[in-house]
Amino acid sequence: MVQIDEVLLRGRAEHNDRCLANLKEISLHQQNIESINRALTRMCPELEILYLQHNLISKIENLRRLRDLDYLNMALNNVTEITGLERNEKLRKLDLTVNFIDLEGLLTIERLRVNHQLEELYMVGNPCAEFQGYRLYVIGSLTQLTR
């Protein structure tokens, strides 16, 4: 299991001279990461764009300190429900494409109602997408969405 730690973060922050404190964007895709630990938010508190696609992450967690988070890409992971983003008030775009969000997990989408800036949500390829009317449910639950 790969852990998010200082070595990994500095290695992926080469475009910012390996400085983490003011890092705005980081790509941690295809790293076999199984969980999001607090090291990420402690060392990179100013992140606005976070790419975590194509990992093994099953739970969205430990991101509440990222107050400026604008875009989170969690595509191609093992996410089953939508949690842990209630304090990311500036979140505008969320990609959950090809995860394991089923009909029960879809019900957790209502937790995103507090994310008033959220305009774009991508959920193609999840089991819930097979249910008739899932898109209408999402649009009805999250009236702030534009895409």
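Provided above is the structure to which this section pertains.
Notes on the structure in this doc start here. (Residues numbered from 1 in each chain as written. Predicted model: local features only at pLDDT ≥ 70, side-chain atom pairs only at ≥ 80, totals over all residues. Heavy atoms only, no water.)

1. A closer look at unusual backbone geometry
Keep this limit in mind: A run of DSSP states H or I qualifies as a helix once it reaches four residues; a run of E qualifies as a strand once it reaches two. Both are numbered from the N-terminal end. Each residue's exposure class comes from its accessible area (1.4 Å probe, protein chains only) as a fraction of the maximum for that residue type: buried when under 20%, exposed when over 50%, partly exposed otherwise.
Of note, the phi angle at Asp17 is positive, near 55 degrees, even though the residue is not glycine. You can see Asp17 is positioned in the loop between α1 (6–11) and β1 (25–27). Judged by its relative accessible area of 72%, Asp17 falls in the exposed class. Residues other than glycine seldom take positive phi values, yet His54 does so here, at roughly 60 degrees.

2. Quick word on the pattern of salt bridges
Just so we agree on the cut-off: Throughout this description, the term salt bridge denotes a Lys or Arg side-chain nitrogen within 4 Å of a carboxyl oxygen of Asp or Glu.
Evaluation of the coordinates by the stated rule reveals 6 salt bridges. Put simply, Asp68 and Lys90 hold a salt bridge, and the shortest N to O gap is 2.9 Å. Here Asp68, found in the loop between β2 (49–51) and β3 (71–73), pairs with Lys90, found in the loop between β3 and β4 (93–95); they are 22 residues apart in sequence, far enough to count as distant. By relative accessible area, which is 46% here, Lys90 ends up partly exposed. Arg113 is the salt-bridge partner of Glu110, the closest N and O atoms lying 3.9 Å from each other. When salt bridges with common partners are traced through the structure, they connect Asp70, Arg92 and Glu120 into a single cluster.

3. Considerations on the packing of aromatic side chains
Condition: Aromatic rings from Phe, Tyr and Trp, taking only the six-membered ring of Trp, are treated as a pair when their centres fall within 6.5 Å; an angle between ring planes under 30 degrees marks them as stacked, one over 60 as edge-to-face, and anything in between as tilted. We count a charge as sitting over a ring when the NZ of a lysine or the CZ of an arginine lies within 6 Å of the ring centre and within 35 degrees of the ring normal.
Taken as a whole and assessed by the stated rule, the structure comprises 1 aromatic pair. For the ring pair Tyr51 and Tyr71, a centre distance of 5.5 Å and an interplane angle of 90 degrees mean the geometry is edge-to-face. With Tyr51 in strand β2 and Tyr71 in strand β3, the pair connects residues that are 20 residues apart, well separated along the chain. Between the NZ or CZ atom of Lys93 and the centre of the ring of Tyr71, over which it lies, the distance is 4.5 Å.

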